[in-house]
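Now for the letters of each chain:
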Amino acid sequence: LLGLVRQVEWYLGPTNLATDYFLKSRMDPATLWVPTALIASFRKMHALGYHAGIDLAAAVREHSALVEASPDGALLRPAVSSPAAGGVPVPAAVPRAAANTLVVKDVPAGSPDAVLSLFAGAPSGARPVAAAPESGGGGAAGAWVVYFAEEGAARAAMEALPARGEGGVDV
């Protein structure tokens, strides 16, 4: 089951979604939901052992912090932690356009709040709305995906981002 869940995390992760136009075309643009059955139909899922007897949504709920399943299990979407919501997944609050997203690598922080604090010096209109570890990359010195309300906010925040973080580590 863990292999299947990790594959779902890859499909719905920012690295894959940056270039997977087919999957993005099947997502609801406002909520980012994609049918569970679509993901379950992919050849790689079957190669990893998926079959109709596996409840993919239940496996995602139990084993993933990066993907969220709808209450009825029919839909999946990337889970994005928002400090404003106390860490509750709120992907619907994050606009979908790639121009409003920054990927910050080699960040010496392990939580969304710590990552968002890197943008404390940004103008008030350029503050991020959410951050999530890049699929397989979050952690002590990982890659984080940082979402902004609009493209202009992301650009302003990028310009205000310090070249070095805590302890002189490059950001």
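Residues numbered from 1 in each chain as written. Predicted model: local features only at pLDDT ≥ 70, side-chain atom pairs only at ≥ 80, totals over all residues. Heavy atoms only, no water.

Buried residues of helix α6 (residues 56-63): L56, A57, A59 and V60, and no others. The arc that holds every buried residue of α6, seen down its axis, measures 160°, which confines them to one face. Here α6 starts with a cap whose side-chain oxygen sits 3.3 Å from the backbone nitrogen of A57, and that cap is D55. (Buried < 20%, exposed > 50% of the residue type's maximum accessible area, 1.4 Å probe, protein only. Helix = DSSP H or I, 4+ residues; strand = E, 2+ residues; numbered from the N terminus. Arc of directions from axis to C-beta. Polar contact = N/O pair within 3.5 Å; in protein donor to acceptor, adjacent residues only side chain to side chain.)

The biggest cluster of nonpolar side chains holds 22 residues, and the ones touching the most others in it are V8, L12, L23, I39, M45 and L76. Among the elements of the structure, α1 (2-11), α4 (36-40), α6 and β2 (67-69) are those that each provide at least two residues to this core. When near neighbours in sequence (up to four residues on either side) are disregarded, M45 contacts L4, Q7, V8, Y11, I39, A40, Y50 and L56. Listed in part, the 16 residues of the second largest apolar core include A122, V146, A153 and L161. (Core = buried A, V, L, I, M, F, W, Y, C linked by side-chain atoms within 4.5 Å. Contact = heavy atoms within 4.5 Å.)

Attention now goes to the environment of W144. Inspection of the secondary structure assignment puts W144 in strand β6 (residues 142-147). For W144 and V104, which are 40 residues apart along the polypeptide, the C-alpha to C-alpha distance reads 5.2 Å.

This part is about the pattern of salt bridges. Per the counting criterion, the structure on display carries 2 salt bridges. Here R77 makes a salt bridge to E68, at a shortest N to O gap of 3.1 Å. Assessed through its relative accessible area of 19%, E68 is described here as buried. (Salt bridge = Lys/Arg side-chain N within 4 Å of Asp/Glu carboxyl O.)

Here the focus is the confidence of the model for the chain. With 74% of its residues at a pLDDT of 70 or more, the chain shows a mean pLDDT of 75. Low pLDDT, under 50, characterises residues 81-97; the stretch is placed with 42 contacts to residues that sit more than four places away or in other chains. (pLDDT = per-residue confidence, 0-100.)

Read across the sheet, 3 strands follow the order β1-β3-β2 without closing on themselves; strand pairing throughout is antiparallel. One side of each edge strand has no neighbouring strand; the edge strands of this open sheet are β1 (34-35) and β2. Strand direction decides the pairing type here: β2 and strand β3 (residues 75-78), joined by 3 bridges, are antiparallel. Across the sheet, residue V67 finds its bridge partner in β3, namely P78. Contacting β2 and β3, α6 crosses the sheet at an angle of about 130° to β2. (Pairing = 2+ DSSP bridges. Axes fitted to C-alpha atoms, helices over the stretch in contact; angles between N-to-C directions.)

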